[in-house]
Amino acid sequence: MPDLPGPPDLPGLPATPGQTVGPFFHDALPYERDHELVPPATPGAVRLHGVVRDGAGEPVPDALIEIRQADADGAVPEVEGSLVRDGGFTGWGRAATDPSGRYSFTTVEPGGAFFAVVVFARGLLDRLFTRAYLPGRDLDADPLLSRLAPGDRETLVAVREPDGSLRFDVHLQGDRETVFLSFPRGGAR
Amino acid sequence: MVSHEIATLHREGESSRTQPRLDFPPYRSSLLRHPTKVLQQVDPEDVELLAPVFGHSDVGPVEADLTIQGRGEPIGERLVVTGRVLDGEGRPVRHQLVEVWQANAAGRYVHKRDQHPAPLDPHFTGVGRCLTDGDGWYRFTTIKPGPYPWRNHHNAWRPAHIHFSLFGTAFTQRSITQMYFPGDPLLALDPIYQAITDPAARDRLVATYDHELTQHEWATGYRWDVVLTGSRSTPVEREDDHA
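Here, residues in each chain are numbered from 1, in the same order as that chain's written sequence. Naming scheme: in the order in which they are written, chains are lettered from A and ligands are numbered from 1. In keeping with the model being predicted, local features are shown solely for residues with a pLDDT of at least 70 and side-chain atom pairs are shown and tallied solely at 80 or more, while totals for entire chains, interfaces and linings include all residues. The basis for every side-chain value is the complete set of heavy atoms in the structure, and neither hydrogens nor water enter the calculation.

Trainee: Let's hear about the overall build of chain B: which residues, and what values?
Mentor: Within chain B one finds 5 helices and 12 strands. Counting only C-alpha atoms, chain B reaches 55 × 50 × 35 Å along its principal axes. Within chain B, buried positions represent 56% of all 243 residues. When the accessible surface of chain B is summed, it comes to about 10500 Å², and 55% of that surface belongs to carbon and sulfur atoms. Just so you know, the count uses Lys and Arg for positive and Asp and Glu for negative, and it drops His and the chain ends. Where a charge lies is defined by one atom per residue type, namely NZ (Lys), CZ (Arg), CG (Asp) and CD (Glu). Of the charged side chains in chain B, 25 are positive and 32 negative; the average position of the first set lies 7 Å away from that of the second. Elements are defined by DSSP. Helices are runs of H or I of four residues or more, strands are runs of E of two residues or more, and each kind is numbered from the N terminus. Burial classification: accessible surface area is computed with a 1.4 Å probe over protein chains only, and a residue below 20% of its type maximum counts as buried, one above 50% as exposed, and the rest as partly exposed. To be clear on the numbers: accessible area is Shrake-Rupley with a 1.4 Å probe, and residue cover counts the displayed protein chains and nothing else.

What follows is the structure in structure tokens.
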């Protein structure tokens, strides 16, 4: 099967290659309240959660998800305090998947259109970027979503669950493979 | 067998890729975990251009020394590992988080899923963090990790390595990688390292022994710089720079 590369490298210094996060990151990267961008009891708090699956549909119990987001008013905070959370909203969080492949964040719905998402896993040789769009917005106006086939677009839009939470499953491969992103003009493959 | 597969893929593949192939069958765990669709090229939006911010309320200075976390000294060859974190235009990534984790000198992780029958070291967790300084420098004191067996194929051994988790000035620069040691004979046999098909790109993951960093009667020194992909600059600036 051919590997499908991202865009060619940009001019400038050649980037240091990525490598898999491997299986042994759990004592190093997760930390207390890593997935709580706001305390669960906060008014307006919402859960963003889902399952990471492989190409056979099996859950991936050794994946790590990070999100970056705006606050409810659409401002992206640039403040410290993500590792030792003191109640301030930093707009960044981290969640490892559990043995069932599940991850969960407690946060607020961003004022912007989507959560920026990066995925790491054992077996995944470099990180993957994607977006979790909020459902119910004007998705046709989005430059990315508007050019995707309906099946692909669906992989990027979170689903509103009956309990009000947002479900965003990640499929690394397969029929429902998530659309992953590269940023040729402003960042990374 | 696996070495033959690696050699075949290197011959067939293009050699100018600076990043690993995501679909690299010699690394068995990649088979069902690599995407098959082309990555969608998008212009990053604000939220993707603003990296998370970390500060001294997040990370204490002692976290950069992995040899002082126990009641005694860990067993092993004491090392200083230091270098700079730069963006794709060579600008330092200042005051940003660097996280590391590694096996102990016997090749064993504290991790509950590590089944390698090698001894744990009660004085070594293998976990550290620091912030880069105003010129993008990071610095850790640790011990040299050992190689260890894994189940990818018969008699598979990972070369000694330190895992690095890195943040840039933009969210799109987020990277996790592994630093290796010069002269390690296991590098040629390792499917994870060899998933980078360009030899010059692979070399960028290997630290350099630096006698200037070596401390008299205390620790040997290694230098390893990291360049993250791209920058926060606009496409217009980039074209001007390189026209």
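Trainee: Could you give me a rundown of the overall build of chain A, with the residues and numbers involved?
Mentor: Each helix and strand counted, chain A has 1 helix and 10 strands in total. Shown N-terminal to C-terminal, the secondary structure of chain A runs as helices and strands in the order β-β-β-β-β-β-α-β-β-β-β. For 189 residues, the compact-globule estimate of 2.2 N^0.38 gives 16 Å, and chain A sits close to it at 17 Å. Taken along the three principal axes of its C-alpha coordinates, chain A extends 50 × 40 × 40 Å. It only takes one pair of heavy atoms within 4.5 Å for two residues to be counted as in contact. When contacts within chain A are restricted to residue pairs at least 6 apart in sequence, those whose partners lie at least 24 apart make up 66%. For chain A, the accessible surface area stands at approximately 7100 Å², while carbon and sulfur atoms represent 52% of it. Averaged over its 18 positive side-chain charges, chain A has a centre that lies 2 Å from the centre of its 28 negative ones. C-alpha atoms define the radius of gyration in this analysis, and the globule rule sets the expected value at 2.2 Å times the number of residues to the power 0.38.

Trainee: Can you explain the sheet that holds strand 4 (residues 127-131) of chain B? Please cite residues and give values.
Mentor: Residue and element names in this part refer to chain B. Strand pairing follows a simple DSSP-based rule, namely that at least 2 bridges must link the two strands. Pairing is antiparallel across the open sheet formed by 4 strands, whose spatial order is 4-3-8-9. Since the sheet does not close on itself, it has two edges, and those belong to strand 4 and strand 9 (175-180), each with one partner. Adjacent strand axes in the sheet meet at a mean angle of 20°, parallel and antiparallel pairs treated alike. Relative to strand 9, strand 8 (residues 161-166) runs antiparallel, the two being bridged by 6 bridges. Counted as the bridge partner of F164 is T177 from strand 9. Axes here refer to lines fitted to C-alpha atoms; in helices the fit is confined to the stretch in contact. Angles between the N-to-C directions go from 0 to 180 degrees.

Trainee: Residues and numbers for the pairing of strand 11 (residues 220-223) of chain B, please.
Mentor: All names here are of chain B. Bridge count between strand 2 (residues 78-86) and strand 11: 4 bridges; the pairing is parallel. Across the sheet, residue V81 finds its bridge partner in strand 11, namely Y222. Relative to strand 11, strand 10 (residues 208-209) runs antiparallel, the two sharing 2 bridges. Looking across to strand 11, one finds that T208 is bridged to R223.

Trainee: An account of the side chain of Q173 of chain A is requested, with residue identities and associated values reported.
Mentor: Examined against the element boundaries, Q173 of chain A turns out to sit in the loop between strand 9 (170-171) and strand 10 (181-182). For Q173 of chain A, a relative accessible area of 11% corresponds to the buried category. Excluding its chain neighbours within four sequence positions, the residues that come into contact with Q173 of chain A are D54 and G55 of chain A together with L31, L32, R33, H34 and T36 of chain B.

Trainee: Talk me through the confidence of the model for chain B; I want residue IDs and the actual numbers.
Mentor: All names here are of chain B. For chain B, per-residue confidence averages 92 on the pLDDT scale, and residues scoring 70 or more make up 93% of the total. The score called pLDDT rates the predictor's confidence residue by residue, from a low of 0 to a high of 100. A low-confidence stretch, residues 234-243 (pLDDT under 50), is modelled with 11 contacts involving residues beyond four sequence positions or located in other chains. For this predicted complex, the interface score ipTM comes out at 0.94, while the overall pTM is 0.94.

Trainee: For the environment of F181 of chain B, give the residues involved together with the corresponding values.
Mentor: All names here are of chain B. Secondary-structure assignment places F181 in the loop between strand 9 and helix 3 (191-194). With relative accessibility at 2%, the residue F181 sits in the buried group. Considering only alpha carbons, one finds F181 and A207, 26 residues apart in sequence, at a separation of 5.5 Å. When sequence neighbours within four positions are dropped, the list of residues in contact with F181 reads L79, K144, P145, A160, I162, L187, V206 and Y222.

Trainee: Just give me the short version of the interface of chain B and chain A, but keep the residues and values in it.
Mentor: The interface is formed by 88 residues belonging to chain B together with 82 residues belonging to chain A. Counting each side, the surface lost to burial between chain B and chain A is near 7900 Å², with a carbon and sulfur contribution of 57%. Summed over both partners, the accessible surface that disappears when two parts come together, traced with a 1.4 Å probe, is what is meant by buried area. Among the residues chain B hides against chain A, the three largest losses belong to R33, L39 and F171 of chain B. Together they make up 11% of the total. Criterion for a salt bridge: a side-chain nitrogen of Lys or Arg within 4 Å of a carboxyl oxygen of Asp or Glu. Taken together, the links from chain B to chain A amount to 6 salt bridges. Polar contact criterion, stated in full: a pair of N or O atoms within 3.5 Å, where within protein one must be able to donate a hydrogen and the other to accept it, and residues adjacent in sequence count only if both atoms are side-chain atoms. Across the chain B-chain A interface, the total number found is 42 residue pairs in polar contact (both at pLDDT 80 or more). If you tally residues by element for the side of chain B that touches chain A, the top one is strand 9 of chain B, at 5 residues. Amino acid classes used here: Ala, Val, Leu, Ile, Met, Phe, Trp, Tyr, Cys and Pro are nonpolar; Asp, Glu, Lys and Arg are charged; the rest, including Gly, are polar. In terms of residue class, the side of chain B that touches chain A is made up of 42 nonpolar, 25 polar and 21 charged. Pairing between strand 10 of chain A and strand 1 (residues 40-41) of chain B: 2 bridges, direction parallel. Pairing of L181 of chain A across the sheet is with Q40 of chain B, part of strand 1 of chain B.

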